[in-house]
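The lines below spell out each chain.
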Amino acid sequence: MNKFFAFLFCASVTFPVYADDLQQFFHDLRTLHGEFTQRVAAAALKSPRLTHGVFAVMRPGKFRWEYNKPYQQQLVSDGKNIWIYDVDLEQVTVKKWSAAVSDTPAQLLAGDGALEKSFTVKSLPVANGEIGYELTPNKTDTGFSAIKLVFAKHELKKMILQDALGQVTTLEFAHLQRNAAVDSKQFQFTPPKGVDVLEGQ
């Protein structure tokens, strides 16, 4: 399974920094789109795995995540179902949104923004003009141990996920557009003819 798919299938709060940056970013967030570079590092890997692509989010519950390099994969949600389309494998897996993303990192971008319901949030030391936050899930069965968010000039720059086995997934964002117009048709998905369609849990 693609590592970002696992990432998606994602209360003490420090003030006033939390209110000024983290909460400000997610408050009234309706749409978000841009580009990303994903880096996966683990002890079992000789070198980090790099992938690149574009994404779009429309709250509540809709997103499109496309990997373009070095392979093609699409993750699409209409708020009810999530489709994972592996182009090279000619295979689509479909899952129910409610079962796949409850109390997970997906709620950060596509959920209702109520961070304190699912995470304990604390601020991290400031360096190089960046501000960081660590989000620890309130539940213990999420598959990850912590998420770190890094902001610069009030823009989200990085999301870092660490799982229980020590694997670290880092997403670096570029050209983010917040609350800009987004075509809702891109959150609809029809499996191409000839591909295998699998029902996920």
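Residues numbered from 1 in each chain as written. Predicted model: local features only at pLDDT ≥ 70, side-chain atom pairs only at ≥ 80, totals over all residues. Heavy atoms only, no water.

## A look at the packing of aromatic side chains
The description of an aromatic ring pair rests on the distance of the ring centres and on the angle between the ring planes. This model, assessed by the stated rule, comprises nine aromatic pairs. An angle of 70° between the planes, with centres 5.4 Å apart, marks the rings of F25 and F151 as edge-to-face. Placement of the pair is F25 in helix α2 (residues 17-26) and F151 in strand β9 (residues 144-152), with a sequence separation of 126 residues. Under the relative-accessibility criterion, F25 is labelled buried at 6%. For F151, a relative accessible area of 1% gives the class buried. Residues Y85 and F189 carry aromatic rings whose centres are separated by 5.9 Å and whose planes lie at 55° to one another, so their mutual orientation is tilted. You can see Y85 sitting in strand β5 (residues 81-86) and its partner F189 sitting in the loop between β11 (168-178) and β12 (196-199), a full 104 residues away along the chain. What makes Y85 buried here is its relative accessible area of 11%. Chaining the aromatic ring pairs together yields one cluster made of F36, F55, W65, Y67, Y71 and F173. Here R178 stacks its cationic end above the ring of F25, 5.8 Å away from the centre of that ring. (Phe/Tyr/Trp six-rings, centres within 6.5 Å; stacked < 30°, edge-to-face > 60°. Helix = DSSP H or I, 4+ residues; strand = E, 2+ residues; numbered from the N terminus. Buried < 20%, exposed > 50% of the residue type's maximum accessible area, 1.4 Å probe, protein only. Lys NZ or Arg CZ within 6 Å of the ring centre and 35° of its normal.)

## Structural notes on the sheet that holds strand β2 (residues 49-58)
Taken in spatial order, the 12 strands make up an open sheet running β7-β8-β9-β10-β11-β1-β2-β3-β4-β5-β6-β12, and their pairing is mixed. Unpaired on one side and paired on the other, β7 (119-127) and β12 mark the two borders of the sheet. Along the sheet, successive strands turn relative to each other by an average axial angle of 20°, direction set aside. Here four bridges tie strand β6 (residues 91-96) to β12, and the two strands are oriented parallel to one another. (Pairing = 2+ DSSP bridges. Axes fitted to C-alpha atoms, helices over the stretch in contact; angles between N-to-C directions.)

## Considerations on the pattern of salt bridges
Within this structure, the stated rule accounts for three salt bridges. Here R64 ties to E66 by a salt bridge, and the two come within 2.6 Å at their closest N and O atoms. With relative accessibility at 21%, the residue E66 sits in the partly exposed group. In this structure, K122 and E134 form a salt bridge, with 3.6 Å as the shortest nitrogen-oxygen distance. Of this pair, K122 sits in strand β7 while E134 is found in strand β8 (residues 130-137), placing the two residues 12 residues apart along the sequence. Classification of K122 as partly exposed rests on a relative accessible area of 42%. In this structure E134 comes out as buried when scored by relative accessible area, which is 17%. (Salt bridge = Lys/Arg side-chain N within 4 Å of Asp/Glu carboxyl O.)

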